[in-house]
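# Structural overview
So you can see what is in the structure, the chains are spelled out below.
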Amino acid sequence: MSCAVNPPFASTRTLRTPEDLFQAGLAPREQAAGLNEVARHYATAIPPAFAALIEHPTDPIGIQVIPTVQELEITAEERTDPIGDDALSPVPGIVHRYADRALLKPLLVCPLYCRFCFRREHVGPDGGVLDDAALATALDWLRTHEQIREVIITGGDPLMLSPRRLHAIMAALGSMAHVTTIRLHTRVPVAAPERITPALLDALESDKAVWMAVHINHAREISAPARDSLRQIVRRGIPLLGQSVLLRGVNDSEHALEDLFRAMVELRMRPYYLHQLDPAPGTARFHVPVEEGQRLLAGLRGRVTGLAWPLYVLDIPGGHGKVPLGPDYVQGPLQVRDPTGHTHTLDRL
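The rules we used
All residue numbers refer to positions counted from 1 along the written sequence of the respective chain. Local features in a predicted model are, by the rule used here, given only for residues with pLDDT of at least 70; side-chain atom pairs are given and counted only at 80 or more, and totals for whole chains, interfaces and linings are based on all residues. Only hydrogens and water are set aside when side-chain values are computed; all heavy atoms of the structure are taken into account. Numbering of helices and strands runs from the N terminus; a helix is a DSSP stretch of H or I covering at least four residues, while a strand is a stretch of E covering at least two. Computed with the Shrake-Rupley method and a 1.4 Å probe, the accessible areas treat only the protein chains shown as cover for residues. Every case where a carboxyl oxygen of Asp or Glu lies within 4 Å of a side-chain nitrogen of Lys or Arg is listed as a salt bridge. Exposure categories follow from relative accessible area, calculated using a 1.4 Å probe and restricted to protein chains: below 20% of the type maximum is buried, above 50% is exposed, and the middle band is partly exposed. Both cavities and pockets are sets of points on a 1 Å grid over the protein atoms alone; in a cavity a 1.4 Å probe fits but cannot get out, in a pocket the set is open with protein on both sides within 12 Å along at least five of seven lines, and lining residues sit with an atom within 4 Å of a point. Grid points are joined across faces, edges and corners, and a volume is the space filled by probe spheres set on the points. Amino acids are sorted into nonpolar (Ala, Val, Leu, Ile, Met, Phe, Trp, Tyr, Cys and Pro), charged (Asp, Glu, Lys and Arg) and polar (every other residue, Gly among them). For the purposes of these results, a polar contact is taken to be a pair of N or O atoms within 3.5 Å, where, inside protein, one atom must be able to donate a hydrogen and its partner to accept one; residues adjacent in sequence count only when each atom of the pair is a side-chain atom. When checking whether two residues touch, look at their non-hydrogen atoms; a contact exists if any pair is within 4.5 Å. Each residue gets a pLDDT score, which is the predictor's confidence in that residue and runs from 0 to 100. What counts as an axis is a line fitted to C-alpha atoms, over the stretch in contact for a helix, and the angles between N-to-C directions run from 0 to 180 degrees. Put simply, angles under 35 degrees are roughly parallel, angles over 145 are roughly antiparallel, angles from 65 to 115 are roughly perpendicular, and the rest are oblique. Note on convention: near helix rotated counterclockwise from far helix by under a right angle means a left-handed crossing. Clockwise means right-handed. At least two bridges found by DSSP between two strands is the condition for calling them paired. For the purposes of this analysis, a disulfide is any pair of cysteine sulfur atoms at a distance within 2.5 Å.

## Focus: the overall build of the protein chain
Each helix and strand in the protein chain was counted, giving 12 helices and 12 strands. Per element, the accessible surface of the protein chain, about 14,600 Å² overall, is 53% carbon and sulfur.

## Details of the pattern of salt bridges
Overall, the coordinates contain 24 salt bridges when judged by the stated rule. Among the ionic pairs, Glu-55 bridges to Arg-220, the shortest N-O distance being 3.9 Å. Remark: Arg-220 occurs in the loop between strand E5 (209-215) and helix H10 (224-235) and Glu-55 occurs in the loop between helix H4 (48-51) and helix H5 (62-65); sequence separation between them is 165 residues. According to the relative accessible area criterion, Glu-55 is exposed, its value standing at 58%. Two residues, Asp-315 and Arg-97, come together in a salt bridge whose shortest N-O distance is 2.9 Å. You can see Asp-315 sitting in strand E8 (residues 311-316) and its partner Arg-97 sitting in strand E1 (residues 94-98), a full 218 residues away along the chain. Each member of the pair, Asp-315 as well as Arg-97, is classed as buried. One salt-bridge network, in which partners are shared between bridges, spans Asp-85, Arg-97, Arg-119, Asp-315 and Lys-322.

## Structural notes on the layout of surface pockets
The calculated volume of the largest pocket comes to roughly 1,000 Å³. Along the wall of the largest pocket there are 48 residues; nearest its centre are Phe-118, Arg-119, His-185, Gln-243 and His-275. Within the residue set of the lining of the largest pocket, elements represented by two or more residues are E1, strand E2 (101-104), strand E4 (181-186), E5, strand E6 (240-245), strand E7 (269-275), E8 and strand E9 (321-324). Split into classes, the residues belonging to the lining of the largest pocket amount to 25 nonpolar, 12 polar and 11 charged.

## Digging into the side chain of Gln-64
For Gln-64, the position within the fold is in helix H5. At a separation of 2.8 Å, a polar atom in the side chain of Gln-64 contacts the side chain of Arg-187. Here the side chain of Gln-64 touches Asn-217 through a polar contact of 2.9 Å, side chain to side chain. Setting aside residues no more than four positions away along its own chain, Gln-64 makes contact with Tyr-113, Cys-114, Arg-115, Phe-116, Arg-187, Asn-217, His-218, Glu-221 and Val-250.

## As for unusual backbone geometry
In most cases, non-glycine residues show a negative phi, while peptide bonds are predominantly trans. With an omega of 20°, the peptide bond between Gly-155 and Gly-156 qualifies as cis. Looking at the element boundaries, Gly-156 is found in the loop between strand E3 (150-153) and helix H7 (163-174). The backbone of Arg-268 sits at a positive phi, close to 65°, despite the residue not being glycine. Relative to the helices and strands, Arg-268 resides in the loop between helix H11 (254-266) and E7.

## Points about the confidence of the model for the protein chain
Counting all residues, the mean pLDDT for the protein chain is 90, and 90% of those residues have values of 70 or more. A low-confidence stretch, residues 1-10 stays under pLDDT 50, and its non-local contacts, those more than four residues away or across chains, total 21 contacts.

## With respect to the packing of helix H6 (residues 132-144) against H7
The description of two packed helices rests on the angle between their axes and on the distance between the axes. Where H6 meets H7, the axes come as close as 10 Å, and the angle between the chain directions of the two elements is 25°. Comparing their axes, H7 and H6 come out roughly parallel. As for the relative orientation of H6 and H7, their crossing is right-handed in sense. Counted together, Asp-132, Leu-135, Leu-139, Leu-142 and Arg-143 of H6 and Arg-165, Ile-169, Ala-172 and Leu-173 of H7 form the full contact between these two elements. Class assignment for the residues of the contact of H6 with H7 results in six nonpolar, no polar and three charged.

## Some remarks on the pairing of E1
In terms of strand pairing, E1 meets E2 through three bridges, oriented antiparallel. Along E2, the bridge assignment pairs Tyr-98 with Arg-101. Between E1 and E2, which pair antiparallel one after the other, the connecting turn spans two residues.

## Side note on the state of the cysteines
Tallied over the full model, the rule gives zero disulfides. Unpaired in this structure, Cys-110 has its nearest cysteine sulfur neighbour in Cys-117, at a distance of 6.2 Å. Owing to a relative accessible area of 16%, Cys-110 belongs among the buried residues under this scheme.

## Regarding empty space enclosed by the protein
One pass over the full model with this rule turns up three cavities of 30 Å³ or more. What the second largest cavity holds in volume is close to 50 Å³. The wall of the second largest cavity is formed by Tyr-42, Ala-43, Tyr-113, Cys-114, Arg-115, Cys-117, Arg-120 and Val-123. Classifying every residue of the lining of the second largest cavity gives six nonpolar, no polar and two charged.

Next up, the structure:
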């Protein structure tokens with residue numbers, strides 16, 4: 001089915017409901033029953049700047065964010081917590097997997113909700129933010145664990161916080177002598193670039209080393225406003241890292257990956273991780289086998305600068321962490337060895 005975005009409608013507000021999608025021409029009304037059922041399980045949000053990039057519901061932009069009834073199809077290997085974060089949360093808002101770093105999740109709200117998200121069971125407009133007491137408890141945990149050198153602020157998306165609250169978190173982390181590095185993971189610069197304001201950038205000021213990892217899966221996401229927002233961040237002296245997920249129908253070709261990584265480097269963003277898709281519920285349509293991903297990256301060897309070469313990784317279910325998907329780690333089509341030397345047999349590679 002061919003559907004075109006209605007720009008005047010898409011530019012006014014975030015699309016959140018099946019009715020919004022019908023009116024914008026991004027979904028057929030005959031799928032109302034199925035999409036209403038999807039909406040009972042998973043949030044939808046497509047902000048104006050991102051909706052304006054969609055040329056067709058199944059193009060590399062639309063397929064990432066437009067819900068489909070296929071999300072109701074759950075396979076045996078899919079898990080509600082595919083990378084095992086829940087078991088590694090000592091207090092609400094903290095995930096501690098690696099000895100020297102921890103995640104701080106002050107909110108579970110995003111500017112848009114990707115249909116392949118590994119946290120899709122947790123994020124959404126009702127996820128809200130940690131209240132003052134819960135945030136204080138999370139910060140106290142970081143304060144009393146002096147082995148933590150790096151705090152990764154994620155969520156949700158930390159750049160959805162108000163500048164005031166974001167500044168308070170940055171200041172609290174800045175006061176911890178053992179914390180040397182603060183990293184923020186975000187989709188805001190491409191999804192809602194208008195949020196990158198001087199006030200928000202002021203809130204990121206710190207004497208610590210501040211890095212920002214930006215989730216981008218296709219070169220077309222880097223619109224003119226997105227490019228401007230990223231340049232503003234770079235001007236503040238914040239190094240940029242690029243994170244992408246290998247996705248069927250989005251970037252599963254050498255050409256798409258090359259364009260994406262080159263676009264990142266041109267914006268002084270270092271491609272950091274290319275993630276193998278995590279087996280979250282209802283995401284099978286995005287799956288690209290590891291062997292295919294390895295072939296795609298091998299095809300780029302020698303064609304792109306080493307600056308444009310990310311680490312292709314799999315986050316092993318059960319909280320075991322990321323492993324590179326190179327020949328030294330993949331022992332067979334269904335077995336992966338983690339950094340401790342243990343072998344894990346996986347259902348879907």
